[in-house]
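Chains, contacts and geometry: an overview
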Amino acid sequence: MKKIIYFIIAATIVGGLWSQVHALNDNASGKPDTSASAPASPELSTPSASPSEPIEVEEPEASAPESTPTPTPEEKPSGKPSEPSEPSEPSKPPKPSKPSKPSPNDDYDFGQIISPDDLPAMTIEHKGGIDVITNPKSLYVLANKKRNLPSDYVPPDLVVPDVPFSFSGDSPKKKMRKAAADALESLFQAAKDDGIELKAVSGYRSYATQKAIFTANAEKKGEDVANKTSARPGQSEHQTGLAMDISSASVGYALEETFAKTKEGKWLAAHAADHGFIIRFLKGKEKITGYSYEPWHVRYVGRDVAKEIARQKITLEEYMDEAAEVIAR
Ligand SMILES: [Zn+2]
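Here goes a summary of the coordinates provided. If you're wondering where the values come from, they're calculated on a predicted model, not measured in any experiment.

Cut-off values and rules
Residues numbered from 1 in each chain as written. Predicted model: local features only at pLDDT ≥ 70, side-chain atom pairs only at ≥ 80, totals over all residues. Heavy atoms only, no water. Donors = N, O, S within 2.8 Å, 3.2 Å for Na, K, Ca; no water. Helix = DSSP H or I, 4+ residues; strand = E, 2+ residues; numbered from the N terminus. Buried < 20%, exposed > 50% of the residue type's maximum accessible area, 1.4 Å probe, protein only. Phe/Tyr/Trp six-rings, centres within 6.5 Å; stacked < 30°, edge-to-face > 60°. Lys NZ or Arg CZ within 6 Å of the ring centre and 35° of its normal. Expected span 1.5 Å × (residues − 1). Contact = heavy atoms within 4.5 Å.

Let us now look at the coordination of the zinc ion. Protein coordination at the zinc ion comes from H238 (NE2), D245 (OD) and H297 (ND1), with a distance range of 2.0 to 2.1 Å. Mapped onto the sequence, the donors of the zinc ion take the spacing H-x6-D-x51-H. Here H297 lies in strand β8 (residues 294-300) and D245 lies in strand β6 (residues 243-247), a separation of 52 residues in the sequence. The same class applies to D245 and to H297, which are both buried.

Here is the structure:
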């Protein structure tokens, strides 16, 4: 008999609790705003405090309300309505923000500028164990560690641009191809007009000279370092007569990364493209170009190409990939 009475009492208690829980849930989901503005007050729950309560008071926003044991009725309403959505936020997959892939300007007509005969795939032949460029005379020639200039290539129209140099006397280093030399003069004049004093440091370099430089570097620093900081013979843009190293008195005419921080280096980066030059070896693009960042090394590609490359902040390699893609369509 006692057992039956106990059972009835127990059933009544359980039933009562059950309905409380339901009322709670309805309250929490149905009208969340009523108590949302009221700051969570720990005092409310103290009368029926259970060991787990301090935790709930301390981290009302962080943990899911479902995980709490069904405790006091006073606590639930103090939960903020935004709670259910908050725990789910961390589990949201992070936005697939693609690494800003360069996008060609829709109005930009690669076909008008780059001929199919200039595309990288069309301008290479395998010769003597290496890939040799077949269009070294093109203003759009792409020379890099994978694409060697012919060892006997000498640009046909080398001249000395009328710009200030960091050294005096005659030297092949002063030379560039005519189109590049003219553009360099216009670049230096624009700099001067803006009160910026640039000096040309190193232009054309023959295959033989490059070979001597690389060998000396490799002996001094080891071949690995030499390969990152100087070109192997046949792989230097300086052999094309389209490149010039530029520096300023503020860094003692050194060719080093600090040039980028000088007002001359900043000016050069901002205005080179207006005159048909690109900063050839960009920061962050070392894997693509194969070279460390060289804020001093400009390469002539003509204004159309230079401006698009500067706009997209890409390398000549990437530009050519885009050109190939567009022209192939
Ligand atoms: Zn250079």
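Right, let's talk about the packing of aromatic side chains for a bit. Scanning the entire structure with this criterion turns up six aromatic pairs. Arranged with centres 4.9 Å apart and planes meeting at 80 degrees, the rings of Y108 and F110 form a pair that is edge-to-face. Comparing Y108 with F110, the two get one shared label, buried. A network of ring pairs unites the aromatic residues Y108, F110 and Y319 as a single cluster. The residue whose ring lies beneath K173 is F167, and the NZ or CZ to ring-centre distance is 4.8 Å. Between the NZ or CZ atom of K174 and the centre of the ring of F167, over which it lies, the distance is 5.3 Å.

Its 15 residues place the ends of helix α8 (residues 207-221) 21 Å apart at the C-alpha level, agreeing with the 21 Å of an ideal helix rising 1.5 Å per residue. Those residues of α8 that are buried lie in contact with α9 (223-229).

Checked against the element boundaries, L282 lands in the loop between β7 (277-281) and α11 (286-289). According to the relative accessible area criterion, L282 is buried, its value standing at 19%. Between the C-alpha atoms of L282 and T315, which are 33 residues apart in sequence, the distance is 7.2 Å. What L282 contacts, discounting residues up to four positions off in sequence, is Y293, K313, I314 and T315.

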